[in-house]
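Letter by letter, the chains look like this.
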Amino acid sequence: MSAPDEGHDHVEVLRARIAACTLCAEHLPLGPRPIARFSASAQLVIIGQAPGTKVHASGVPWDDDSGDRLREWLGIDKPTFYDPAQVAQMPMGFCYPGKAAGGDAPPRKECAPQWHEAVLDVLPENRLTLLVGVHAQARYLPHLKRLSLAERVSRFGEDLPFIALPHPAWRSRLFMAGHPWFARDILPALRAKVQAILDQVIR
Ligand code: SF4
């Protein structure tokens, strides 16, 4: 086991390496601006998709309507959500990937293989990981790939330490309207689970 200072230095070095990444720069219409936040004590991990243009401009993850909806789902305020000592933000693609038909392009496929293991290595072992959207679920719950999004979300508690969630984009209103059990049953259980893991954070 490394001394606390060594662990802190390791996190700082990793953050600097990510910030300097240009691996798929040629495919990024606005250029690289990796957006990921983490620390060695963050026991709640949010793996989303990729920044949109607003988040690319601000450099703040989930700094948009989707983020407001996600925080409401989780029952946590902005100071908690943005405290890297408690919550790690690690999208499937760290940089804005550009547009595709019907919205933003999928996360760059180079990113998660390049960085995720290194980030996960510095996080606590007894963490809770929220897989927000189908791209994160495809990587971390590959055995459930034949299930629909609703079926994966309805398995709440069966795949721990992973929990599958829909992406909280505006389309999630359609998901919630079509699946009333999500707000009625899953969200209260999710809030309790999130609070329990945040109560365990040791700084
Ligand atoms: S998307 Fe990921 S791999 Fe590509 S430049 Fe950004 S940080 Fe690097």
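Along each chain, the written sequence defines residue order, and numbers are assigned to residues from 1. Predicted model: local features are reported for residues with pLDDT of at least 70 only, side-chain atom pairs are reported and counted for 80 or more only, and whole-chain, interface and lining totals are derived from all residues. To obtain the side-chain values, all non-hydrogen atoms of the structure were used and water was disregarded.

**Q** Can you walk me through the nonpolar core in this structure?
**A** Where a protein is soluble and globular, its nonpolar side chains tend to be buried together. In this text, buried Ala, Val, Leu, Ile, Met, Phe, Trp, Tyr and Cys residues form a nonpolar core when linked through side-chain atoms within 4.5 Å. Burial classes follow relative accessibility: with a 1.4 Å probe on protein chains only, a residue under 20% of its type's maximum area counts as buried, one over 50% as exposed, and anything between as partly exposed. With 26 residues, the main nonpolar core has L44, I46, L74 and L130 as its most contacted residues. Working definition: helices are DSSP H or I runs of at least four residues, strands are E runs of at least two. Numbering for both runs from the N terminus. Mapped by element, the contributors of at least two residues to this core are β1 (44–47), α3 (65–74), β5 (128–132), α7 (149–154), β6 (162–165) and α9 (181–199). Here this core takes seven residues from α9, the largest share from any one element. Apart from residues no more than four positions distant in its own chain, L44 is found in contact with I76, Q86, V87, A88, L128, L130, V194, I197 and L198. Counting residues in each nonpolar core, the second largest holds 25 residues, with A42, V45, L131 and L144 among its members. When checking whether two residues touch, look at their non-hydrogen atoms; a contact exists if any pair is within 4.5 Å.

**Q** Just to check I follow, could you spell out the packing of α3 against α9 for this structure?
**A** Axis angle and axis distance: for two packed helices, these are the angle between their axes and the distance between the axes, and together they describe the pair. Axis lines are fitted to C-alpha atoms, over the contacting stretch for helices. Their N-to-C directions set the angle, which ranges from 0 to 180 degrees. At a closest axis distance of 7 Å, the pairing of α3 and α9 adopts a crossing angle of 80 degrees. Taken together, the axis directions place α3 and α9 in an arrangement best described as roughly perpendicular. Contact residues: α3 offers E72, W73 and L74, while α9 offers F182, L187, L190, R191 and V194. Following the grouping adopted for this structure description, the nonpolar residues are Ala, Val, Leu, Ile, Met, Phe, Trp, Tyr, Cys and Pro, the charged ones are Asp, Glu, Lys and Arg, and the polar ones are all others, Gly among them. Partitioning the contact of α3 with α9 into residue classes produces six nonpolar, no polar and two charged. We call two directions roughly parallel when the angle between them is under 35 degrees, roughly antiparallel when it is over 145, roughly perpendicular when it lies between 65 and 115, and oblique otherwise.

**Q** What should I look at first to understand the sheet that holds β6 in this one?
**A** Pairing between the strands of a sheet comes from backbone hydrogen bonds, and it takes one of two forms, parallel or antiparallel. Taken in spatial order, the four strands make up an open sheet running β2-β1-β5-β6, and their pairing is parallel. Edge positions in the sheet fall to β2 (87–89) and β6, since each of these pairs with one other strand and no more. Geometrically, the sheet is characterised by an average inter-axis angle of 20 degrees between neighbouring strands, direction not taken into account. A pair of strands is labelled paired if DSSP reports no fewer than 2 bridges between them. When β5 meets β6, the two strands line up parallel, connected through four bridges. Bridge pairing links T129 to F162 in β6. Where α9 meets the sheet, it contacts β1, β2, β5 and β6, and its direction lies at approximately 140 degrees from that of β6.

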